[in-house]
Amino acid sequence: QVQLVESGGGLVQSGGSLRLSCAASISIPSIDVMGWYRQAPGKQRELVASISRGGSTNYADSVEGRFTISRDNAKSTMYLQMNSLKPEDTAVYYCHTYYALRTYWGQGTQVTVSS
C-alpha cells in the first residue's frame, strides 16, 4: 500500500508560480516512475509530467519549458515547479505512481490561475 499526499496548490495570477509537492509513504527509490496529472472541469485527466527513478523526465507539450518535475529520494517527495502559469493551467493536480502491480493516486490539489 502506497499513500500519496499532495500539497502546494492555491490561487495565483497569470504569470505567477507555484510548487506542488507529493509525499509518498514508502521510500521512493523503490518506485520506478512517478508523475503528475491534472483534470480540468469537463475534461479528461491528462499527464502533465513524469520522472523515472534515474531522473529521466517527460512533459506534456502544453507545459514544456514552464514546468519542472523533480524528486528528492531522501525525503520520499516529488515536486512540480510551475512557472509562467496560465488560466488554462487551472485544474486539480494529482500525484500518481505504479508500484507492485497497482496504481496509486493522491487526493489532488486545486490550482487556480486567474487572468
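So, here's what we can say about the structure.

About the thresholds
Residues numbered from 1 in each chain as written. Predicted model: local features only at pLDDT ≥ 70, side-chain atom pairs only at ≥ 80, totals over all residues. Heavy atoms only, no water. Salt bridge = Lys/Arg side-chain N within 4 Å of Asp/Glu carboxyl O. Buried < 20%, exposed > 50% of the residue type's maximum accessible area, 1.4 Å probe, protein only. Helix = DSSP H or I, 4+ residues; strand = E, 2+ residues; numbered from the N terminus. Disulfide = S-S within 2.5 Å. Phe/Tyr/Trp six-rings, centres within 6.5 Å; stacked < 30°, edge-to-face > 60°. Lys NZ or Arg CZ within 6 Å of the ring centre and 35° of its normal.

What to know about the pattern of salt bridges
Oppositely charged side chains can pair when the atoms bearing their charge come close. Applying the stated criterion to the full structure yields three salt bridges. Its salt-bridge partner being R38, residue E46 comes within 2.7 Å of it at the nearest N-O pair. Residue class for R38 comes out buried when judged on its relative accessible area of 5%. The residue R66 makes a salt bridge to D89 at a minimum N-O spacing of 2.8 Å. In this pair, R66 sits in the loop between β6 (57-59) and β7 (67-72) while D89 sits in the loop between β8 (77-82) and β9 (91-99), placing the two residues 23 residues apart along the sequence. Across the pair, exposure class does not vary: R66 and D89 are buried alike. Ionic contacts of the salt-bridge type, sharing partners, join the residues R38, E46, R66 and D89 into one network.

Concerning the state of the cysteines
In this structure the tally under the stated criterion is one disulfide. In this model, C22 is linked to C95 through a disulfide, with the two sulfur atoms separated by 1.9 Å. The disulfide joining C22 to C95 has a torsion of about -70° about its S-S bond and is therefore left-handed. Note that C22 is positioned in strand β3 (residues 18-24) and C95 in strand β9, a separation of 73 residues in sequence. By relative accessible area, C22 is classed as buried at 0%. By relative accessible area, C95 is classed as buried at 0%.

Section: the packing of aromatic side chains
Applying the stated rule across the entire model yields two aromatic pairs. Seen from their ring centres, Y37 and W105 are 5.0 Å apart, and the 70° between their planes marks the pair as edge-to-face. Of this pair, Y37 sits in strand β4 (residues 33-39) while W105 sits in strand β10 (residues 102-105); the two residues are 68 residues apart in sequence, bridging distant segments of the chain. Taken together, a centroid distance of 6.3 Å and an interplanar angle of 85° make the contact between Y94 and W105 edge-to-face. Remark: W105 occurs in strand β10 and Y94 occurs in strand β9; sequence separation between them is eleven residues. W105 sits in the partly exposed class, given a relative accessible area of 37%. Among the aromatic residues, ring-to-ring pairing joins Y37, Y94 and W105 into one connected group. The ring centre of Y94 lies 3.7 Å from the NZ or CZ of R45, which sits over that ring. Positioned above the aromatic ring of W105 is the side chain of R45, whose terminal nitrogen or guanidinium carbon lies 4.5 Å from the ring centre.

Keep in mind these numbers describe shape, not what the thing actually does.
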